[in-house]
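# Examining the three-dimensional arrangement
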Amino acid sequence: AGEPPATSATDLPRQPSMTGSVARRAAAARNNDDGGSQAGSRTSGMSGSKMGSKMSKGKRTKGSSRKGGGGVMGGTVSRRERGVPKKKPPPWDDADVAKHAPVVKASWNRCLEVKGYFELGNLYYDTLFEEAPELSPMFTLERERMGVKFVDMLAAMVAVIDSPPGMHSKLESLAPMHIDRGVQATDMPVMGKVLFSVLTKALGAEFNESVQEAWGWVWAWLTKSMTLTLETAGGHNSLVLKSWDICMDNYTEEDLGGMLFDTLFELAPSLKSMFARPRPVMAMKFVEMVSTLVSFVDDENRMIEQITWLGSRHVKYGAKPHHIPIMGQVLLTVLEQSCGDEWTDEMANAWMDLWNASCARMMAAIKSGEQYGHVVESLWDKVQKKSSPTVLGSGLVKKLSRTRADLVSSFVVDRREWLEEKKVEIEEAMEKKAKADKANKKTEKATSANSLVISTDAPPDPEYKARKKDGVITSLKKAMRKRRIPSTELSSRGEEEEEEEPASSKEEKSDDKKVSAKDDSKCRARRVAYSKVGEEEQVEAWGHEMLVISTDAPPAPEYTAKKKAPFAKRLRGAFSRNPQPSTEMSSRHSLDEEHAEDEKSDDSKKAVNHTREDSKCRARRVAYSKVGEEEQVEAWGHEMYDMLHIVMDLLWEPEQMNERLIVIATRFFQWGLRLEHLEELGEAIHVAIRVILECPCAECGNHEWDDEISGAWNWVWGIISTSMNKTIGALEKDHHKMVREMWEAAKAAKTSDEIGEALYTELGREAPFVLHLFQRPKKLQAYMWMQALEMIVVFSEVPEKFFEELRHLTIRHIKYGVKAEYIKPFGKAVLTGLEELFADAWNPVTEVAWKILWQRVSTCVSRSLNVGTNLITVSLVNGDIDKLQDAITCAPRNERVSWVCRVEVYGSILSPIYWAIRDGKNDLAQFLIADALCLKADRDNYYYGRKELHDTHPEMIGILCRDSPALLETLLDGLLWHSQTVEDGRLRANYYFKDIFSDPEQVPDAWKSPLAIMCQEGQPGMFGHPVIEKLLDCKWERFGKSFFVATQLWFALLLCFFSVGFLDNPSECTQVKTIFQAVTGVLGAITTLIMGCLLFRQVIQGHVVHLALGPVELPIPRLMTNHWQFFRFVSVILIVINTLLGPCFPFSFNVDTEQKASKILKSTTALLLFMQLFQALVISSSLSALVYTVGQLFNDVWRNLFVIVMITLSFGAALTALEMQDFDNIGGSCWNLAKFVMMMDTPEVDQMEPFGVILIVSYVILAQIGMLSILIAQLSFAYEKLSNDKSGFAKMNRAFVCVEVESMVTLNYRVKIFNELGFDNPLDFDNGDQGPAGGVQVMEPASVRAHPKYCPDRIQRSTGSSLATDPWPAIGVDSAPSDDNE
């Protein structure tokens, strides 16, 4: 089908080597012959003009800038200018430098005095051409210019001869030029001879033995340095890096990836079916893949690992081994074309070597996956159908007990204790979560946009089926809840029923809890020693012990100490006579360490310690001996079953499988598994599965096991054992202890600033091209370095914790623009920095430990960055709305809203909308919201993202109100649709406000609904939007108005009775007044009781606001947060008090003072009751707006009055000091000043002192003419400003009333109202044209078309393909909708 024939990896031919300018001239000649239209592709056969036209689209112009990482970095970084990594200079002896450097300097200066620059340069090249004519092709410039350059270079070396690193640095900077000229390290001895001849001619007799020795030393050292620099700059690896950097500088990642795919589809059109994901996504992933491989080009082990995993992943995509060489041809073709004139045959050969080696391994991985993958999957399906964890565990225990009985028992006991520790951790986590939930209830604000994570349960890939069976932790939680499993018998039995254990067994297992976890290693070591004690030694030991027991008197203390020491020595003697492999020894402690600790203490302390340790070890031995077969079967069965389940689920996701196996292997090591056990364990599982599949009837021969299955099992166990081998091997060698000790020592010896600066400096030397990522202050950078290194150390100890923290680290790094290709140079810098940091502690053993640790860590970090980096995250990091729109456009139409609403980053689901809002990129957030709420339609379906947007962002209303109010209008616009067709003077309008209305069953607390959040944190202008207006009308008409009016009438009746009974001739006590007072009191008591019940219900339901009073938090019911309701509650309580203490009742006041208090009580009650009439104005929007305006104006009035009062106090104090008449105290002075301002009965000023008159006149001018005039002007300005908001406030006030009423009615009534609206019914766009549900439809008058929010039929319709997997045509969200409604 147009596909080229299969070729092997070695079919890519190497090109003859052409060095330096010769290669460039050849390439230029080839281009000129082709007329510049093609670059002579050797492998594709595709015309250069065709390819060039495609590549010119994404070509970077000469002046174009390239963002180094986007987002917060922003800097312009050219990849080819970043330089190659630098090597450390060759070693040197400071004594040699001190001896020879002055001699070299002096002799060189003498040469310049004798010959001069030009003459010395000419002399050098004359001698060179005479003595080494074979080197002449490297020198093509004029001799004078070359001579001056050589003398300048040699002079620069001599200038820094006191510092060998300085000379090495200069050679590194010259290395690219040397490579370009074709200089090789083997040329250095020849050029050294030429230099000696030149010096001899220039200095004559002065070039004596001491000078020759000095120059010989410096040239020998420069030869070593030149060799290192040329190897670094000119090796195949550097050529690969250099050429890839040229490509990435010339073209964008998107264009380069697109070119790769275009070339691939032209070479092999039949491969298109393999690429189901959108082309831009695959193009970016292709470039990411190549970049990651290039970053590991000089690390063979990592390269092999990455290539093998890459091949395994491609099995599920349908890749075949013969496809891989085609990809190599495509890659080389695009590389040659994109590098242009800078492409050389040396680069081509370097890439061919790299690809040929990679191709063979990838083909092998694909071939193995094709051959064994489906067999393994089928095998596991059969095992699951025919068996259970218990059956598998029975076979495992039966097999392992024959050869590894100790391992079987220790695995069970150590697992039991590990589960005990996990139980404590889970209890602490549950307690912590309960506190967090309690704290969350105290806050009334929605989640801030600062938290990008909207879910930590990322959905698995389509190929990854979620496990249905409970794991260890889940089962542990169930066991804790049910309280059926004893604490020492916690296990992961899932849903299986447990048998009742004997009481004696429970007691023995409860004794095991007393064994300290920190002594496990000693007990295990002693257990090994016990197993090797010979019969003769047993007789000797028991004889001594029984002799002591047979005596009546207790043994003397000195005998006890003496007795214990030989006992310990005898154990060690047994150890030495029966040495055990190191893998059977615990990695946590050894008997030699125990012996060293014993010798440090005195004899009596030894005796006590050994007594305690012996008892613990004896208890542990008892625990091992009491492990029953059922418990063994349960433990081994569930653990191995779970491990195999994970492996089979992640069979085609090797990186994820490796991460899970790291955690499992670490756990198994803690339970006693060692490297030497892996082969036997694999064989035991092999046998157990084979027994499961074989028919118990040997005669029938109906067995499902065959050689193919056996080979498939060996293949998959090889994958498992290879991964576990790395983890267990590192743990057996105590790498985790070694790394932790070194890290703790470094933290004790150095400050965080010193460590951070050292690593940053090394990073700048090793990988300067990543320094643009570090723009934070030094203190913060040092802290981040310390945290990163701590995570690395934690990986070797508790990988579960590392992977949990890696989730957050990945999110931060992706946001900063960190790429997976940066991990390799970052690791080199870290290791080099640690080498200098640890100094003498850095030796071959510790170096291996740290390198192995970093290799394992970097693998996980690279995967997390690769998985989390996609088109959307790249667009968000760069803040590029055009790229974001392009990224969303390529999404399948049935997944487009999902792309907008969520992006997966290493197990966490992030919100791109929250991401954009938090970074202040409101234009990106606006585009995402508008796109999600854009109504789209093809010929089969409507697509509308309202529901998914709300489901993934339930707190969006609150976040927009606080962080970006301008975006709320975009959100509301997306919930509105108007028809453009007028029917009988009206047109259809759909309001999709189901989510803002809020389902009472999902949000029982009305004060947490979106409308309530808008009331508390929104602005009045928000309530003028048609969607909010229609929502308010809906709630107000259905229950708000009736309840509000009934409440107002009730309190109006209460006010009438109170006025008649208490305010009309209050001192009289007639029969009528007594009746009115009694009725008022009864009504007040009923109201108090009703409001009290409402308050109590809100407290019980948790609908409270916490008021902080110092360290105490007082819960305030929601009802009391409304000042009108507070006044009502206080007023009805005062009514009851007035009734009980009134003149017509036996508790009335009789004393004058008490009667005065009664009058004040009545006055306060009347004031509160009549003030409540203002709330009744809410029934009218205009009156409510007036109340809002007056209230806002009073705020300005009170502020000005406060200033006037302060001025009055100041002038009053000054007048009081003058001791004038009527101004003898501050109170009187202030009152008289107020009289002057209000022009009341003022004191005579004729008899006042002149200075007092001046003070009074100044006060009047300042207070009356100044402050009052300012107040008038301020009120005029404020009223003009408030006139625009008063309508919004009226609606906002009405919304507040609706929410308050909703919070007081029953939940059933709210559910009834919600269901009556029929939000689940589809809304018509036209007769017979049903659209999405989630709102209400209203026939609006045609005059609505004059409203600024009217948008006729904003549906974007597509008449092309209606496949759900096809993307929508590229139509901008803001584009005008089509007029075609058919």
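Residues numbered from 1 in each chain as written. Predicted model: local features only at pLDDT ≥ 70, side-chain atom pairs only at ≥ 80, totals over all residues. Heavy atoms only, no water.

### What about the overall build of the protein?
Heads up, the rule is: The helix and strand labels rest on DSSP assignments: H or I over at least four residues marks a helix, E over at least two residues marks a strand, and numbering proceeds from the N terminus. Remark: exposure states derive from per-residue accessible area (1.4 Å probe, protein chains only) relative to the maximum for the residue type, with buried under 20%, exposed over 50%, and partly exposed in between. Contacts are assigned to residue pairs with any non-hydrogen atoms lying within 4.5 Å of each other. All accessible areas in this document rest on Shrake-Rupley with a 1.4 Å probe, and a residue is counted as covered only by the protein chains that are shown.
Regarding its fold elements, the protein presents 52 helices and 13 strands. Burial analysis of the protein (1382 residues in total) assigns 49% to the buried set. Considering only contacts in the protein between residues 6 or more positions apart, those separated by 24 or more positions represent 79%. Carbon together with sulfur atoms contributes 57% to the accessible area of the protein, which is approximately 65,600 Å² in total.

### A look at the pattern of salt bridges
This is how the line gets drawn: A pair is scored as a salt bridge if a Lys or Arg side-chain nitrogen falls within 4 Å of a carboxyl oxygen belonging to Asp or Glu.
Scanning the entire structure with this criterion turns up 42 salt bridges. The closest approach of N and O atoms between Glu 631 and Arg 416, which form a salt bridge, is 2.9 Å. With a gap of 215 residues between them, Glu 631 in helix 24 (residues 629–649) and Arg 416 in helix 16 (residues 405–442) connect regions that are remote in the sequence. Taken individually, Glu 631 and Arg 416 each receive the classification buried, so the pair is uniform in this respect.

### Some points on the nonpolar core
How we decide: What is meant by a nonpolar core is a set of buried Ala, Val, Leu, Ile, Met, Phe, Trp, Tyr and Cys residues, joined one to another through side-chain atoms within 4.5 Å.
Counting 132 residues, the largest nonpolar core has Phe 802, Trp 850, Phe 993 and Phe 1023 as its most contacted members. The residues touching Phe 993, leaving out its near neighbours within four places in the chain, are Val 1027, Lys 1030, Leu 1031, Cys 1034, Phe 1319, Gly 1334, Gly 1335 and Val 1336.

### Regarding the packing of aromatic side chains
Note the cut-off: Ring pairs shown here join Phe, Tyr and Trp side chains whose ring centres sit within 6.5 Å, with only the six-membered ring taken for Trp; geometry is labelled stacked below 30 degrees between planes, edge-to-face above 60, and tilted in between. Each ring is checked for a lysine NZ or an arginine CZ that lies within 6 Å of its centre and within 35 degrees of its normal; such an atom marks a charge sitting over the ring.
In the structure shown here, the tally under the stated rule is 33 aromatic pairs. The interplanar angle of 15° and the centroid separation of 6.2 Å between the aromatic rings of Phe 838 and Trp 842 together place this pair among those described as stacked. Among the aromatic residues, ring-to-ring pairing joins Phe 411, Trp 418, Trp 636, Phe 668 and Trp 671 into one connected group. The aromatic ring of Phe 669 is capped on one face by Arg 674, whose charged end is 3.9 Å from the ring centroid.

### Re the pairing of strand 8 (residues 1104–1109)
For the record, the criterion: In this analysis, strands are considered paired if DSSP registers two or more bridges between them.
With six bridges joining them, strand 8 and strand 9 (residues 1112–1117) adopt antiparallel strand pairing. Each bridged residue has a counterpart across the sheet, and for Leu 1107 the counterpart in strand 9 is Leu 1114. Between strand 8 and strand 9, which follow one another and run antiparallel, lie two residues, and Gly 1110 among them has a positive phi close to 70°.

### Some thoughts on the pairing of strand 7 (residues 986–991)
Along strand 7, five of the six residues are buried, which leaves the element largely enclosed by surrounding structure. Taken together, the three bridges between strand 6 (residues 976–978) and strand 7 define a ladder with antiparallel strand orientation. Bridging from a neighbouring strand, Leu 976 pairs with Tyr 991 of strand 7. Two strands pair when backbone bridges link them, and strand 7 and strand 12 (residues 1336–1341) are joined in this way by six bridges, in the antiparallel orientation. Each bridged residue has a counterpart across the sheet, and for Asn 990 the counterpart in strand 12 is Gln 1337.

### Remarks on the sheet that holds strand 5 (residues 942–943)
Read from one edge to the other, the open sheet built from three strands follows the order 5-4-13, with strand pairing classed as mixed. In the strand order of this sheet, the two ends are held by strand 5 and strand 13 (1356–1357), each with one partner. Where strand 4 (residues 936–937) lies against strand 5, two bridges are found, and the strand directions are antiparallel. Bridge pairing in strand 5 links Lys 936 to Tyr 943.

### Some points on unusual backbone geometry
Located in the positive-phi region is Asp 734, a residue other than glycine, with phi close to 60°. The residue Asp 734 is located in the loop between helix 27 (707–732) and helix 28 (735–749) in this model. We note that Asp 1353 has phi near 45°; this positive angle belongs to a residue other than glycine.

### Description of the packing of helix 14 (residues 345–386) against helix 24
Heads up, the condition is: Lines are fitted to the C-alpha atoms to define the axes, a helix being fitted only along its stretch in contact, and any angle between axes, read from their N-to-C directions, falls within 0 to 180 degrees. Note on convention: the crossing is left-handed when the near helix lies turned anticlockwise from the far helix by less than a right angle, right-handed when the turn is clockwise. By the convention adopted, Pro, Cys, Tyr, Trp, Phe, Met, Ile, Leu, Val and Ala count as nonpolar, Lys, Arg, Asp and Glu as charged, and the other residues, Gly among them, as polar.
Contact pair helix 14 / helix 24: the axes reach a minimum separation of 11 Å and the direction vectors enclose 140°. Along this stretch, helix 14 crosses helix 24, giving a crossing that reads as left-handed. Touching Val 376, Trp 380 and Gln 384 of helix 14 are Tyr 641, Leu 644, His 645 and Met 648, all from helix 24. Among the residues making up the contact of helix 14 with helix 24, the classes are represented as five nonpolar, two polar and no charged.

### Overview of helix 29 (residues 752–766)
This is how it is decided: Helix span, as expected, comes to 1.5 Å for every residue beyond the first.
For helix 29, built from 15 residues, the straight-helix expectation of 21 Å at 1.5 Å per residue is met to within 8% by its first-to-last C-alpha distance of 21 Å. Against the buried residues of helix 29 lie helix 28, helix 30 (778–797) and helix 32 (823–838).

### Observations concerning helix 15 (residues 389–400)
For the record, the criterion: The arc in question is formed by the directions pointing from the helix axis toward the C-beta atoms.
The first and last C-alpha atoms of helix 15 sit 16 Å apart over twelve residues, in line with the 16 Å expected at 1.5 Å per residue. Among all positions in helix 15, only Pro 389, Leu 392, Gly 393, Leu 396, Val 397 and Leu 400 are buried. For helix 15, the angular spread of the buried residues around the axis is 130°, confining them to a single face.

### What about the environment of Thr 981?
As for its placement among the helices and strands, Thr 981 is situated in the loop between strand 6 and strand 7. Residues Thr 981 and Ala 1342, spaced 361 residues apart in sequence, show a C-alpha to C-alpha distance of 9.3 Å. In this structure Thr 981 touches Arg 986 and Leu 987, once residues within four positions along its chain are discounted.

### Quick notes on the sheet that holds strand 12
Pairing is antiparallel across the open sheet formed by three strands, whose spatial order is 6-7-12. Two strands lie at the open edges of the sheet, namely strand 6 and strand 12, each paired on one side alone. The mean inter-strand angle of the sheet, taken between neighbouring strand axes irrespective of direction, is 25°. Contacts from helix 44 (residues 1026–1063) reach strand 6, strand 7 and strand 12, with the element oriented near 85° to strand 7.

### Remarks on a nonpolar patch on the surface
Let me state the cut-off plainly: A patch consists of residues exposed above 30% relative accessible area that lack any salt bridge, with like charges linked at up to 9 Å and nonpolar side chains (Val, Leu, Ile, Met, Phe, Trp, Tyr) linked at up to 5 Å.
A cluster of nonpolar side chains, namely Phe 1202, Val 1203, Val 1205, Met 1206, Leu 1209 and Ile 1226, defines an oily patch on the protein surface of about 530 Å² accessible area. Top contributing element to the nonpolar patch by residue count: helix 48 (residues 1181–1217), with five residues. Structurally, Phe 1202 is set in helix 48. Classification of Phe 1202 by relative accessible area gives exposed; the value is 56%.

### Some points on the environment of Ile 685
Position of Ile 685 relative to the elements: it lies in helix 26 (residues 675–693). Ile 685 gets classed as buried once you look at its relative accessible area, which sits at 0%. Ignoring any residue separated from it by four or fewer positions in sequence, one finds Ile 685 in contact with Leu 396, Met 640, Met 643, Leu 644, Trp 713 and Trp 717.

### Quick look at the side chain of Ser 1303
Rule in force here: By the criterion applied in these results, polar contacts are pairs of N or O atoms within 3.5 Å in which, for protein atoms, one can donate a hydrogen and the other can accept it, and in which residues neighboring in sequence qualify only through two side-chain atoms.
Mapped onto the elements, Ser 1303 comes out in helix 51 (residues 1286–1304). The exposure class assigned to Ser 1303 is buried, which follows from its relative accessible area of 9%. Reaching out from Ser 1303, the side chain makes a polar contact with the side chain of Trp 1007 at a distance of 3.3 Å. One polar contact links the side chain of Ser 1303 to the main-chain carbonyl oxygen of Glu 1300, over a distance of 2.6 Å. If sequence neighbours within four positions are ignored, Ser 1303 has contacts with Ala 1006, Trp 1007, Arg 1097 and Gln 1098.

### A closer look at the state of the cysteines
We count it as follows: The disulfide criterion used throughout: a pair of cysteine sulfur atoms within 2.5 Å.
Applying the stated criterion to the full structure yields zero disulfides. No disulfide involves Cys 247; its sulfur sits 3.5 Å from the nearest other cysteine sulfur, which is in Cys 339.

### Things to note about the confidence of the model for the protein
What counts is decided by this rule: pLDDT runs from 0 to 100 and stands for how confident the predictor is about each residue.
For the protein, mean pLDDT is 74; residues scoring 70 or higher make up 73% of the total. Segment residues 61–76 is flagged for pLDDT under 50; beyond a separation of four residues in sequence, or across chains, it makes 36 contacts in the model. Per-residue pLDDT stays below 50 along residues 441–447; that stretch engages in 16 contacts with residues further than four places along the chain or on separate chains.

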